[in-house]
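Here is how the chains run, residue by residue.
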Amino acid sequence: MPTPWRPFASYNLWLQFAPPIGQEHWHCDMKRGFTKARSREPLVAALLATDTIPQRIGLLAQRGVYEFHRDPFILYHSDAVTKVAEILQLDQESEIIQERVISILKNYHLNPILFGKNIITLSRGDEGFPEPILIEQDNYQFNLFAAIDCIFEEQHGTLHILDFKTGQANFDKRQAYVYLLAANLLYPTQPSVASFYNLESEKWSDPITATASQLNAFRIELARISQQHQKDLQRYRHSPSEFKRIFPPNPGINCQQCSFNSICEFSNIEVSA
């Protein structure tokens, strides 16, 4: 029997509603409109199917970690980086992507942080949507999607949720709390912690934990975001001409890096300094 459709929430959706603290000037709600409301339009769909350079680097880095651990002996090979690079077909990527991913693979080969860990799950990074987790909040049902990179078990039985990062972006603790909520629902009898590890800088965050009351607060917030998103989608379906009012743009220097700048009518608007 097919899974019934339900509204949804995820860290990614939350991020499209509200940016991390300090990055408000980069935020544009219209990107949520393109991504979620107009994703089936041919031009939008084509852009969504094309990874940006940072997205491509992140995807290949995650896949690289997966390949290092898929074959337990590959980490012992002196040419392990070359072997993984061949599996990833890096020679078909642009020069800048090749340079950064090779650097990441060399870092990880020298310091394989998952080596010897009891790995529960390790994502390739390209599996698509994870299995939905049903949440009921005040008679409102929605699916939580949590694309967790890795879960390993600490020696004392605590589940450690690890999210890999690349680039220079700061860690967003909201993501850790969403994953802790997911772990609490999937593994209710085991304590859990979450952390971030940047594969380029090799910086590992402190472990993040959440109390039951904190998890409940995030559950309520995710339900609110899910409901508001559905309301916005319904408004757009009833009045497509109101797109820019429902998903207001934030034109500026951020448009230079936006995936939709080739089709967005606001991307060429000059913004006074």
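One structure accompanies this document, and this report is about it. (Residues numbered from 1 in each chain as written. Predicted model: local features only at pLDDT ≥ 70, side-chain atom pairs only at ≥ 80, totals over all residues. Heavy atoms only, no water.)

With that settled, consider helix 7 (residues 173–186). Across its 14 residues, helix 7 extends 20 Å between first and last C-alpha, which sits within 8% of the 20 Å expected from 1.5 Å per residue. Taking burial as the measure, the 14 residues of helix 7 include 10 buried ones, the bulk of the element. Taken as a whole, helix 7 has its buried residues at Arg 174, Gln 175, Ala 176, Tyr 177, Val 178, Tyr 179, Leu 180, Leu 181, Ala 182 and Ala 183. Contacts from the buried residues of helix 7 go to helix 1 (11–17), strand 3 (133–137), strand 4 (140–145), strand 6 (159–165), strand 7 (192–198) and helix 8 (212–238). (Helix = DSSP H or I, 4+ residues; strand = E, 2+ residues; numbered from the N terminus. Expected span 1.5 Å × (residues − 1). Buried < 20%, exposed > 50% of the residue type's maximum accessible area, 1.4 Å probe, protein only. Contact = heavy atoms within 4.5 Å.)

With that settled, the discussion passes to the sheet that holds strand 7. Across the sheet, 4 strands lie side by side as 2-5-6-7; this open sheet has mixed pairing. Two strands lie at the open edges of the sheet, namely strand 2 (118–122) and strand 7, each paired on one side alone. The average angle at which neighbouring strand axes cross in this sheet is 25°, direction not considered. Bridge count between strand 5 (residues 150–153) and strand 6: 4 bridges; the pairing is antiparallel. For Glu 153, the partnering residue across the bridge sits in strand 6 and is Leu 159. (Pairing = 2+ DSSP bridges. Axes fitted to C-alpha atoms, helices over the stretch in contact; angles between N-to-C directions.)

Within strand 6, 6 of the 7 residues are buried, which leaves it mostly tucked inside the rest of the structure. Between strand 5 and strand 6, which pair antiparallel one after the other, the connecting turn spans 5 residues, and Gly 157 there sits at a positive phi close to 95°. The pairing of strand 6 with strand 7 spans 7 bridges and is parallel. Looking at strand 7, one finds that Ile 161 is bridged to Ala 194. Handedness of the β-α-β unit built from strand 6, helix 7 and strand 7 comes out right-handed. (Right-handed = clockwise from strand over helix to strand, strands pointing away.)

The end-to-end C-alpha distance of helix 4 (residues 53–70), which contains 18 residues, comes to 25 Å, matching closely the 26 Å that a straight helix rising 1.5 Å per residue would cover. Of all the residues in helix 4, the buried ones are Ile 57, Leu 60, Ala 61, Gln 62, Arg 63, Gly 64, Val 65, Glu 67, Phe 68 and His 69. The inward-facing, buried residues of helix 4 contact helix 5 (80–87), helix 6 (95–110), strand 2 and strand 6.

This next bit is on the packing of helix 7 against helix 8. Running from amino to carboxyl end, helix 7 crosses helix 8 at an angle of 105°, the nearest separation of the two axes being 10 Å. In terms of axis orientation, helix 7 runs roughly perpendicular to helix 8. Touching Tyr 177, Val 178, Leu 180, Leu 181, Asn 184 and Leu 185 of helix 7 are Gln 214, Leu 215, Phe 218, Arg 219 and Leu 222, all from helix 8. Per-class residue counts for the contact of helix 7 with helix 8 are 8 nonpolar, 2 polar and 1 charged. (Parallel < 35°, antiparallel > 145°, perpendicular 65-115°, else oblique. Nonpolar A, V, L, I, M, F, W, Y, C, P; charged D, E, K, R; others polar.)

Glancing now at the side chain of Ser 10. Among the structural elements, Ser 10 can be located in strand 1 (residues 8–10). For Ser 10, the side chain forms a polar contact with the main-chain nitrogen of Leu 13, separated by 3.1 Å. Discounting chain neighbours no more than four positions away, the residues touching Ser 10 are Leu 144, Phe 145 and Leu 222. (Polar contact = N/O pair within 3.5 Å; in protein donor to acceptor, adjacent residues only side chain to side chain.)

We now examine unusual backbone geometry. Although it is not a glycine, Gln 89 sits at a positive phi angle of roughly 55°. With respect to the element layout, Gln 89 can be found in the loop between helix 5 and helix 6. Although it is not a glycine, Glu 202 sits at a positive phi angle of roughly 60°.

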